[in-house]
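# Descriptive structure summary
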Amino acid sequence: MKDLALTNHMFGVDELDDFVTAFRGALNEELQGHHWYVMVDPDGQGVDRTEDLVVGVAYLAPEPFADRVWNLYFLAVEPHLHGRGAGSQLIRHVEGVLRDAGQDVARVLIVETSSTDEYANARAFYRARGFDEEARIRDFYGPGDNKVVFWKAITV
């Protein structure tokens, strides 16, 4: 899964410790309510290692101090699958899980990304899946790199 973060240029090598900590915390339940969803290649043709079967990952958690708001912190698929529906499948799965949990658990899903040209496809991806751009926080990630927040209602 770390490879997905690197191959999609989402994190630098020096930032992966937090990524791994979040994954381990969700698995051992230290991070209550945090969920990882993994998409695997069912064929596995030419795969030498089990971790090579992972072709997509989504990570979400409830937003602290908010009323039934969830944050999709991470979504990535293998670059050779971009534009082939894998990311859409993961989004549909995440939204379905939240809808199935009920209105007492989830009412809004947010996604945060960067305003740089490198993330233009990510912003277009979320817009095409019904997310509205809700906010921009100037220079959040660095000078000229705004945080872009997308919002979507979770309806039953």
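Summary of the structure given here. As the structure is a prediction and not an experimental result, all values here were calculated from the model.

## Description of the overall build of the protein
Secondary structure assignment for the protein yields 4 helices and 6 strands. When the helices and strands of the protein are listed from N to C terminus, the series reads α-α-β-β-β-α-β-α-β-β. Counting across all 156 residues of the protein, residues that qualify as buried make up 39%. Sequence-distant contacts, at least 24 apart, represent 51% of the contacts inside the protein between residues at least 6 apart. Taken as a whole, the protein presents about 9400 Å² of accessible surface, with 48% of it coming from carbon and sulfur.

## Considerations on helix 4 (residues 120-128)
Three- or four-residue spacings in an α-helix give side chains the same orientation, since the helix completes a turn every 3.6 residues. For helix 4, every residue scored as buried is listed here: Arg 123, Phe 125 and Tyr 126. The buried residues of helix 4 occupy an angular sector of 155 degrees when projected down its axis, which confines them to one face. Opposite the packed face of helix 4, turned more than 90 degrees from it, sit the exposed residues Asn 121 and Ala 128. For helix 4, the secondary structure elements touched by its buried residues are strand 3 (69-77), helix 3 (86-101), strand 4 (108-114), strand 5 (132-142) and strand 6 (145-153). One or two steps after helix 4, the chain reaches Gly 130, where phi turns positive at roughly 90 degrees.

## Concerning the sheet that holds strand 6
The strand order 1-2-3-4-6-5 describes an open sheet built from 6 strands, whose pairing is mixed. Across the chains shown, the open sheet's two edge strands, defined by having one partner strand only, are strand 1 (35-40) and strand 5. Each adjacent strand pair in this sheet contributes to an overall mean axis angle of 25 degrees, direction not counted. Taken together, the 6 bridges between strand 5 and strand 6 define a ladder with antiparallel strand orientation. Paired with Arg 136 across the bridge in strand 6 is Val 148. The strands touched by helix 3 are strand 1, strand 2 (54-62), strand 3, strand 4 and strand 6; relative to strand 3, the strand with the most contacts, the crossing angle is about 155 degrees.

Calculation criteria
- Residues numbered from 1 in each chain as written.
- Predicted model: local features only at pLDDT ≥ 70, side-chain atom pairs only at ≥ 80, totals over all residues.
- Heavy atoms only, no water.
- Helix = DSSP H or I, 4+ residues; strand = E, 2+ residues; numbered from the N terminus.
- Buried < 20%, exposed > 50% of the residue type's maximum accessible area, 1.4 Å probe, protein only.
- Contact = heavy atoms within 4.5 Å.
- Areas by Shrake-Rupley, 256 points an atom, 1.4 Å probe, with all protein chains shown as cover.
- Arc of directions from axis to C-beta.
- Pairing = 2+ DSSP bridges.
- Axes fitted to C-alpha atoms, helices over the stretch in contact; angles between N-to-C directions.

Any functional reading would require information beyond the geometric quantities listed.
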